[in-house]
Protein chains: 2
Amino acid sequence: MQQPTIVLISPQLGENIGAAARAMANFGLSHLRIVTPRDGWPNSAARAVAAHGQYIIESAQIYDDIPSAIADYQLIYATTARRRDMQKSTLTAREFASQCGDNHNVKTAILFGRESSGLSNEEVSFAHKIITIPVADCCPSINLSQAVGIIAYEYFQQQIFTHFSTESEEINTNIASIRDINLLLAHLEEKLDNANFWKATEKKPRMWRNIRNIFLRNLLSKQEVQTLHGIINALSQ
Amino acid sequence: MQQPTIVLISPQLGENIGAAARAMANFGLSHLRIVTPRDGWPNSAARAVAAHGQYIIESAQIYDDIPSAIADYQLIYATTARRRDMQKSTLTAREFASQCGDNHNVKTAILFGRESSGLSNEEVSFAHKIITIPVADCCPSINLSQAVGIIAYEYFQQQIFTHFSTESEEINTNIASIRDINLLLAHLEEKLDNANFWKATEKKPRMWRNIRNIFLRNLLSKQEVQTLHGIINALSQ
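My aim in this report is to walk through the structure given alongside it, one point at a time. These numbers were taken from a predicted model, which means no experiment stands behind them. Throughout, a residue's number is its position along its own chain's written sequence, starting from 1. Lettering of chains starts at A and numbering of ligands starts at 1, both following the order in which they are written. Confidence filtering applies because this is a predicted model: local features only for residues at pLDDT of at least 70, side-chain atom pairs given and counted only at 80 or more, and all residues used for totals across whole chains, interfaces and linings. For side-chain calculations, the full set of non-hydrogen atoms in the structure is used, while hydrogens and water are omitted.

When you go through chain A residue by residue, the secondary structure sums to 10 helices and seven strands. As a reference, a globule follows 2.2 Å times the number of residues to the power 0.38, and the radius of gyration itself is taken over C-alpha atoms. For 237 residues, the compact-globule formula gives about 18 Å, and the C-alpha radius of gyration of chain A, at 19 Å, lands near that figure. Along the longest, intermediate and shortest principal axes, the C-alpha atoms of chain A span 60 × 45 × 35 Å. Each residue's exposure class comes from its accessible area (1.4 Å probe, protein chains only) as a fraction of the maximum for that residue type: buried when under 20%, exposed when over 50%, partly exposed otherwise. A buried classification covers 61% of the 237 residues belonging to chain A. Note on definitions: a residue-residue contact is assigned when non-hydrogen atoms from the two residues lie within 4.5 Å. A fraction of 85% describes how many contacts in chain A between residues 6 or more apart in sequence connect residues 24 or more apart. Where accessible areas are quoted, they stem from the Shrake-Rupley method and a 1.4 Å probe; at the residue level, only the protein chains shown are allowed to cover. Carbon and sulfur atoms form 50% of the exposed surface of chain A, whose accessible area is close to 9,800 Å². Numbered from the N terminus, helices here are DSSP runs of H or I no shorter than four residues, and strands are runs of E no shorter than two.

Pasting the structure below:
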């Protein structure tokens, strides 16, 4: 199947980036994207600990923001430690792995937050689904590279059990890309702005995040995205 | 059950000892023994990265050799990356975890080798059984703390599934009822009718089914249904 891409959001320590790359290599993942690494890029500390994951560090792609980092993907997962008060389906790492088996040919990315505070609610809202790693109540904070390692481990175990063999590498072209979704959301936002929907402008960011969640929570087909464009136009004509 | 003790054999880097302790704490393990740590003990680098695993570092017990470190245990596992030419049963990390469920009240220890070369055959020979973590052929060398983390993770997942799997039957009152959804869909349909959205009326049933699917495919919260009513009103005002 299409292997998932690991996307690190504003990682702080090069050592963790390198250790994440090493763990990815252990478990057959090779695509790494990094959004605004704190200490810039390239990072010698990341190189120093990557071991056989060196090639992942060398080919990592760097982005200024999440939307551009995930624009060409179709299915986005966000990893969180805490439960979020969001209407998104939440999977354990193992449940995620078993879904990977079902989602052949869907371009998938997994977001991991910064060491100090994880992903913000705003950042989580870019994802369709949430992955949590079940941990002891006393000690929920997992090191970034350990979290990447466990997700990669679960992915790889699932791959072993469902033999690699003859699956096609073709992407399911029926599913809308994040770029398509963002164009749809921009269309809706523009029309809502024109209709003076937000009343109190300070409430807009939160309201808008909730609205985005509604449309991101499941995978829309390209056809459905077109239909929703049509609905927005028809209603606002 | 009796939680297994982690035994690190001649670990070289304090950072790895600390990271191992942190991962142990994540997954409910608290007993750490160390045989001949290269840089002596206590180790400030271990403390610095242990986070909430600090108490594990403080209470770690130090030994001069493997026999004294495991003398009071009943069942010993050794972790290895390579296959060994030994007549011992070899389990994956997951198989190990499921054995933990069977071995109630057996005092268990797991040996992990040094970063550079793992366990020697001599050291492996102290164990009853071998645990391997399945990895990609290209990149078998797992960081010591990652290896501890994955074994601890598997142990903890097994514990959760055996002891905490009484799912609540409570109804989530936050989720919109089908009645709520149908009112929302009726609202949308009325507005689309008024906007002459359907063009060819014979196409309406099929188009409408597709639209309904978009909103039925996942569970909307009551709040989200209200938000969607608001959007429809704002756009069609």
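Next comes the rest of the write-up.
Only Phe, Tyr and Trp rings take part, Trp by its six-membered ring, and two of them pair if their centres are within 6.5 Å. Stacked means planes under 30 degrees apart, edge-to-face means over 60, and tilted covers everything else. As enumerated under the stated definition, the model contains 11 aromatic pairs over all chains in all. When the centroid spacing of 5.6 Å and the interplanar angle of 75 degrees are considered together, the rings of phenylalanine 27 of chain B and tyrosine 153 of chain B count as edge-to-face. Taken as a pair, phenylalanine 27 of chain B in the loop between α1 (14-26) and β2 (32-35) and tyrosine 153 of chain B in helix α7 (residues 144-163) lie far apart in primary sequence, 126 residues in all. Across the pair, tyrosine 153 of chain B and phenylalanine 27 of chain B agree in class, each one buried. On the basis of an interplanar angle of 80 degrees and a centroid distance of 4.8 Å, the ring pair of tyrosine 77 of chain B and phenylalanine 96 of chain B is categorised as edge-to-face. With tyrosine 77 of chain B in strand β4 (residues 75-79) and phenylalanine 96 of chain B in helix α5 (residues 93-102), this residue pair connects regions lying 19 residues apart in the sequence. The rings of Phe27, Tyr153 and Phe156 of chain A together with Phe27, Tyr153 and Phe156 of chain B are connected pair by pair, giving a single aromatic cluster. A cation sits over an aromatic face here: arginine 212 of chain A above phenylalanine 126 of chain A, 4.5 Å from the ring centre. Taking NZ or CZ as reference, lysine 107 of chain B lies 4.6 Å from the ring centre of tyrosine 73 of chain B, over its face. By the criterion adopted, a ring carries a charge over it if an Arg CZ or a Lys NZ lies within 6 Å of its centre and within 35 degrees of its normal.

Glancing now at the interface of chain A and chain B. Counting residues at the interface gives 54 residues for chain A and 56 residues for chain B. Each reported salt bridge corresponds to a side-chain nitrogen of Lys or Arg within 4 Å of a carboxyl oxygen of Asp or Glu. Taken together, the links from chain A to chain B amount to two salt bridges. The closest approach of N and O atoms between glutamate 154 of chain B and arginine 94 of chain A, which form a salt bridge, is 2.8 Å. Definition of a polar contact: a pair of N or O atoms within 3.5 Å, with one able to donate and the other able to accept a hydrogen when the atoms are protein atoms, and with sequence-neighbouring residues admitted only if both atoms are side-chain atoms. Along the contact surface separating chain A from chain B lie 18 residue pairs in polar contact (both at pLDDT 80 or more). Where the side of chain A that touches chain B is concerned, the elements lending two or more residues are α1 (14-26), α5 (93-102), α7 (144-161), α8 (178-194), α9 (204-216) and α10 (222-236) of chain A. Top element by residues in the side of chain A that touches chain B is α7 of chain A. It accounts for 10 residues. A breakdown of the residues in the side of chain A that touches chain B according to their chemical character gives 32 nonpolar, 16 polar and six charged. Under the scheme applied here, ten amino acids are nonpolar (Ala, Val, Leu, Ile, Met, Phe, Trp, Tyr, Cys and Pro), four are charged (Asp, Glu, Lys and Arg), and all others, including Gly, are polar.

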